[in-house]
Amino acid sequence: MKRGAFQRGLSLFWWLMLAFLYLPLAVIVFYSFNSANSAAYFAGFSLRWYERLLNNDQLLDALSNSLTLGIASSIIALIVGTLIGYGMYRHRSRKLGWLIVLIYLPIVMPDIVFGISDMAFFITLDREFGILGPSLMTMIIAHVTFQIPFVALIVYSRFVGLDPTLFEAAKDLYASPFQRARHFLLPTLKPSLIAAFFLSFTLSIDDFVISFFTAGPENATLPIYIWGAIRRGVSPEINAIATLMIGAVVIAAVFSLLFNRRGHAGS
Amino acid sequence: MNHTSESPYPLARHSHSMSPDTRHLLWSVAPGVAWIVIFLVLPSLYLIGVAFMTNGPYGQPQMPLSLDAFRQLAGFGFLGWSPGNLYTLLRSLWQTLVATGLVILVAYPLAYYISTCRDKLRPIMLLAVVVPSWTNQVIRAFGWMNLLSPGTPLADAAQALGLIGPNMGLYPSNFAVTLGLIYNFLPFMVLPLYAAFEKLDMALVEAARDLYASPVRAFWHAVFPQTLSGLLAGTVLVSIPAFGMYVIPELLGGGKAMMLGNLVANQFSGGSNWPLGAAGALIMLVATFGGLYAMRKVGKRLGGGEEVVI
């Protein structure tokens, strides 16, 4: 029964690693309900840290900054990225190596180099010409830059999955490019566009490093606010915000599971 | 990638003048290309330029061009030679190496185990591995701060074993940074390895066993080579971002566990020596693109014609 022992060992290892993966998150959730101001002992259940969140104006500002940034950047990235994806598909018979390299650049660029380059660039522009000083605007610009590739690749792969003759058919059916876009391209792309928007939004909300370096002093996003709070000294309020953010992720995970199930059942 | 000739304008394909086709391409990709060029390519070129400038009195880069920044990175400062910056550089390499190696050791059996489980369980198991990485990295590092700080069971256990002094925590330390890196990058190794295990050709393993190969030999000659492409993809996905990591060493490391990313960032905030920071960033860029290039080469040799996902 050597094989059985091997499998049992692996199974034990699996559960240990699961504990390793979830322990840091569980601790945050656990202490967010701690009535004492401590991460060392648990004094009793309380919601006082959550109540405090509601009265924390800085935090609410950070939340609204995060949402504004996420929505604005995703909308711009959706338009610009979709155009690239469409161009890449329509001209895929050409040598577009340079375009592929350019599109992968924001993905492979280390975050810190990305953020610092933009920061140095914006600060210098501000000093020399008085434009693009660090603000919500510069953050939106930086976020769009790293969102474009994901939108372009999603749209491109959707087009590649289509029957090429559809394009010819659409051409015969609708006279103007505008009609074609409205009655053929947009409806076909709709699921991909929705997916691309949500991916962009998620990337934006989740980003810390690039936001941190391109933000002005008054544009703290949620992760930047949490970072600041950690640096100022650990307050149990951070546990409460972090728990809410973990909760959002868990909900997303459940949705993705249900969505995948449905997708499998359909196909 | 795209050499099928289904161009809607087959005749215009080889024309070099500004055909309607070319205009169409430019019209559709121009906004995005311009965006990436103006807001990423230009700023990085500017940063590379700054690396070769001189540090001004207020931390602003100025002329003349020089290699001062690189000399400082190698440790030559106003007060003679000190190895601080070099140590940071070497520590980044070392942390990357150790974290990648340990991630492989953990992810390999994990990915194999998932691939042996029932079909219905596997997507759930993969999701379980990935979900923690969906939470913000600042929050994940904060979770480890909670676990490793003084007075927690883990810190108490380490004290009892004599690993750390009394009333000390397990962070800030190099150990905490390594742990944080492993935690952060584990999913990036599990996923490509799982993909490799999933399409493992078991006939080869059975053949090896039929020929009386020991389990170790069967693994080494029949299983391991088939997972190399996954291993390579995982190594790219882990080691390159690990080398440029900023958040984890900043929160879990402290001054004595600084990595290159922190050195770079410090030059733009507190330290105010843009050329030095830019030189560090340039090294990171060279490491990133050099690493990608090397992995591609290895990948091509491994897979014959098959492209390794990068």
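Up top you'll find the structure we're talking about.
Residues numbered from 1 in each chain as written. Chains lettered and ligands numbered in written order. Predicted model: local features only at pLDDT ≥ 70, side-chain atom pairs only at ≥ 80, totals over all residues.

## Quick look at the overall build of chain A
Part 1 of the reasoning: From N to C terminus, chain A includes 11 helices and zero strands.
Part 2 of the reasoning: Counting from the amino terminus, chain A carries its helices and strands in the arrangement α-α-α-α-α-α-α-α-α-α-α.
Part 3 of the reasoning: Against the globule reference of 18 Å for 267 residues, chain A gives a C-alpha radius of gyration of 23 Å, more extended than a compact globule.
Part 4 of the reasoning: In terms of overall dimensions, chain A has C-alpha extents of about 75 × 70 × 35 Å along its principal axes.
Part 5 of the reasoning: Per-residue burial for chain A yields a buried fraction of 39% across its 267 residues.
Part 6 of the reasoning: A sequence separation of at least 24 residues applies to 77% of the contacts in chain A between residues at least 6 apart. (Helix = DSSP H or I, 4+ residues; strand = E, 2+ residues; numbered from the N terminus. Rg over C-alpha atoms; globule rule 2.2 N^0.38 Å. Buried ≥ 20, exposed ≤ 12 C-beta atoms within 10 Å, placed from the backbone. Contact = placed C-beta atoms within 7 Å.)

## Points about the interface of chain A and chain B
Accessible area lost during the coming together of the parts is what is often quoted as the interface size.
Part 1 of the reasoning: Taken together, the contact between chain A and chain B spans 68 residues of the former and 67 residues of the latter.
Part 2 of the reasoning: Among the elements that take part in the side of chain A that touches chain B, helix H1 (residues 2-32) of chain A stands out by supplying 13 residues, more than any other.
Part 3 of the reasoning: For the side of chain A that touches chain B, a count of residues per class yields 55 nonpolar, eight polar and five charged. (Nonpolar A, V, L, I, M, F, W, Y, C, P; charged D, E, K, R; others polar.)

## Things to note about the nonpolar core
Part 1 of the reasoning: With 140 residues, the main nonpolar core has Ile116(A), Ile226(A) and Phe185(B) as its most contacted residues.
Part 2 of the reasoning: Here this core gets 15 residues from one element, more than from any other, and that element is helix H6 (residues 136-160) of chain A.
Part 3 of the reasoning: Two domains share this core, each providing at least three of its residues, namely domain 1 (56-233) and domain 2 (238-267) of chain A.
Part 4 of the reasoning: Leave out the neighbours within four places in its chain, and Phe185(B) touches Ala99(B), Val103(B), Val238(B) and Ala242(B). (Core = buried A, V, L, I, M, F, W, Y, C linked by C-beta atoms within 7 Å. Domains from an automatic or database assignment.)

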